[in-house]
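One letter stands for each residue in the lines below.
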Amino acid sequence: MSKSLLLILTRNPELGKCKTRLAATVGDSAALEIYKFLLNHTVSLTKGLSVGKWVFYSEEIWKDDIWDNHIYQKKIQVGKNLGERMLNAFKEGFQAGFDQVIIIGSDMYHLTQKDLEEAFHQLKNHDYVVGPAEDGGYYLLGMRQLNEKLFQNKTWGTETVLASTLHDLDGANIALLDERNDVDYYEDIKDIGVFQPFLKHIKT
């Protein structure tokens with residue numbers, strides 16, 4: 001069995017419950033369709049990885065959906081905020097015997113399978129791997145042993161998260177990946193061709 005594990009945090013794709021910041025501009029229906037598109041993209045770039053794969057649902061586990069039960073173990077997120085939910089997911093992974101654990105979200109259009117393979121490769125020679133996001137957060141975090149401090153005293157969802165995390169890791173053996181942009185706002189996708197069919201009704 002691979003000793004490497006990928007944790008994927010997802011929201012159940014339900015109208016009005018996902019991509020709310022994006023929905024403020026494009027509407028709930030378009031935001032839901034965009035999120036479903038991003039979920040399918042996340043499946044396509046993770047299903048072929050030769051590592052353990054756990055999907056953590058926000059609300060409830062769906063047995064029959066795009067996440068193949070033979071490829072992904074399905075779990076539920078536990079915690080009052082993003083930090084607690086990530087910490088508990090990492091904790092469960094290490095307790096299960098994995099020695100390389102990486103977490104991602106499910107809203108990264110510019111992420112590839114090659115990026116994830118590179119992240120796991122970097123963990124062979126580094127204690128931590130971080131994928132910086134353009135908005136001041138991070139789109140990927142990996143480690144070889146649990147560091148609870150990384151999930152505490154953060155203002156989640158703000159531009160301070162990456163800097164605060166790197167401050168916690170000062171002096172540690174870190175690999176930084178290329179910066180990527182996640183999809184939170186209309187501005188993140190308005191100039192990307194693949195999203196145009198979802199945005200036809202938007203008046204700019």
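About the thresholds
Residues numbered from 1 in each chain as written. Predicted model: local features only at pLDDT ≥ 70, side-chain atom pairs only at ≥ 80, totals over all residues. Heavy atoms only, no water. Helix = DSSP H or I, 4+ residues; strand = E, 2+ residues; numbered from the N terminus. Pairing = 2+ DSSP bridges. Axes fitted to C-alpha atoms, helices over the stretch in contact; angles between N-to-C directions. Contact = heavy atoms within 4.5 Å. Buried < 20%, exposed > 50% of the residue type's maximum accessible area, 1.4 Å probe, protein only. Arc of directions from axis to C-beta. Patch = residues over 30% accessible without salt bridge, like charges linked within 9 Å, V, L, I, M, F, W, Y side chains within 5 Å. Areas by Shrake-Rupley, 256 points an atom, 1.4 Å probe, with all protein chains shown as cover. Salt bridge = Lys/Arg side-chain N within 4 Å of Asp/Glu carboxyl O. Lys, Arg positive; Asp, Glu negative; His and termini not counted. Charge placed at Lys NZ, Arg CZ, Asp CG, Glu CD. 1 Å grid on protein atoms, 1.4 Å probe; cavity = no way out; pocket = protein on both sides within 12 Å on 5 of 7 lines; lining within 4 Å. Points joined across faces, edges and corners; volume = space filled by probe spheres on them. Phe/Tyr/Trp six-rings, centres within 6.5 Å; stacked < 30°, edge-to-face > 60°. Lys NZ or Arg CZ within 6 Å of the ring centre and 35° of its normal. Core = buried A, V, L, I, M, F, W, Y, C linked by side-chain atoms within 4.5 Å.

Enquirer: So what's going on with unusual backbone geometry? Which residues, and what values?
Expert: Of note, the phi angle at Lys19 is positive, near 55 degrees, even though the residue is not glycine. Its place among the elements puts Lys19 in the loop between strand E1 (4-9) and helix H1 (20-26). In this structure, Asn153 takes a positive phi of about 55 degrees despite not being glycine.

Enquirer: Tell me about the sheet that holds E1, and name the residues and values.
Expert: Read from one edge of the open sheet, 7 strands run E3-E2-E1-E4-E6-E5-E7, paired in mixed fashion. Looking along the sheet, the strands with just one partner apiece sit at the ends: strand E3 (73-76) and strand E7 (174-176). Here the strands of the sheet are splayed against their neighbours by 20 degrees on average, with no regard to which way each runs. In this sheet, strand E2 (residues 52-57) lies alongside E1 in parallel orientation, the contact comprising 5 bridges. What sits directly across from Leu5, in E2, is Gly52. Where helix H3 (residues 82-95) meets the sheet, its contacts fall on E1, E2, E3, strand E4 (100-104) and strand E6 (138-143), and the angle it forms with E4 comes to roughly 150 degrees.

Enquirer: Residue-level account of helix H5 (residues 161-168), with values.
Expert: Val161, Leu162, Thr165 and Asp168 are the residues of H5 that are buried. Looking straight down H5, one finds its buried side chains confined to an arc of 125 degrees; they lie on one side. Seen from the open side of H5, the exposed residues pointing more than 90 degrees away from its buried face are Ala163 and His167.

Enquirer: Describe in detail a negative patch on the surface, supporting the description with residues and values.
Expert: Taken together, the side chains of Glu134, Asp135, Glu159 and Glu179 define an acidic patch exposed on the protein surface. Structurally, Glu134 can be placed in the loop between strand E5 (128-132) and E6. Using a relative accessible area of 52% as the deciding quantity, one classes Glu134 as exposed.

Enquirer: So what about a nonpolar patch on the surface? Which residues, and what values?
Expert: Taken together, the side chains of Ile61, Ile76 and Val78 present a nonpolar region at the surface, about 210 Å² in accessible area. Mapped onto the elements, Val78 comes out in the loop between E3 and H3.

Enquirer: Residues and numbers for the layout of surface pockets, please.
Expert: Empty space among the atoms becomes visible once a probe the size of a water molecule is rolled across them. By volume, the largest pocket is sized at about 1000 Å³. Lining of the largest pocket is provided by 37 residues; of these, Lys19, Arg21, Leu82, Asp107 and Asp184 occupy positions nearest its centre. Elements with a minimum of two residues in the lining of the largest pocket: H1, H3, E4 and E6. Broken down by element, the residue count for the lining of the largest pocket peaks at 4 residues, all from E6.

Enquirer: Pulling in residues and values, what's your account of the packing of aromatic side chains?
Expert: Here a ring pair, both rings aromatic, is described through the centre-centre distance and the interplanar angle of the planes. Scanning the model with the defined rule gives 9 aromatic pairs in all. Ring centres of Phe37 and Phe198 lie 5.7 Å apart, and the angle between their planes is 55 degrees; on these two criteria the pair is classed as tilted. Of this pair, Phe37 sits in helix H2 (residues 28-46) while Phe198 sits in the segment after E7, and the two are 161 residues apart along the sequence. Judged by centre distance (5.8 Å) and plane angle (90 degrees), the rings of Trp54 and Phe98 are edge-to-face. Taken as a pair, Trp54 in strand E2 and Phe98 in the loop between H3 and E4 lie far apart in primary sequence, 44 residues in all. Among the aromatic residues, those joined into a ring-pair cluster are Phe37, Tyr109, Phe195 and Phe198. In this structure, Lys75 packs its charged tip against the face of Trp54, placed 4.3 Å from the ring centre.

Enquirer: Could you give me a rundown of the nonpolar core, with the residues and numbers involved?
Expert: Of all hydrophobic cores here, the largest spans 28 residues; its most connected members are Leu6, Trp67, Ile102, Ile104, Leu116, Val129 and Leu140. Elements represented by at least two residues in this core include exactly E1, H2, E2, E4, helix H4 (113-122) and E6. The element contributing the most residues to this core is H2, with 5 residues. Beyond its immediate stretch of four places on either side in the chain, Leu6 contacts Thr46, Leu49, Val51, Gly52, Lys53, Trp54, Ile102, Ile104, Leu116 and Phe120.

Remember that the coordinates give geometry; whether it matters functionally is a separate question.
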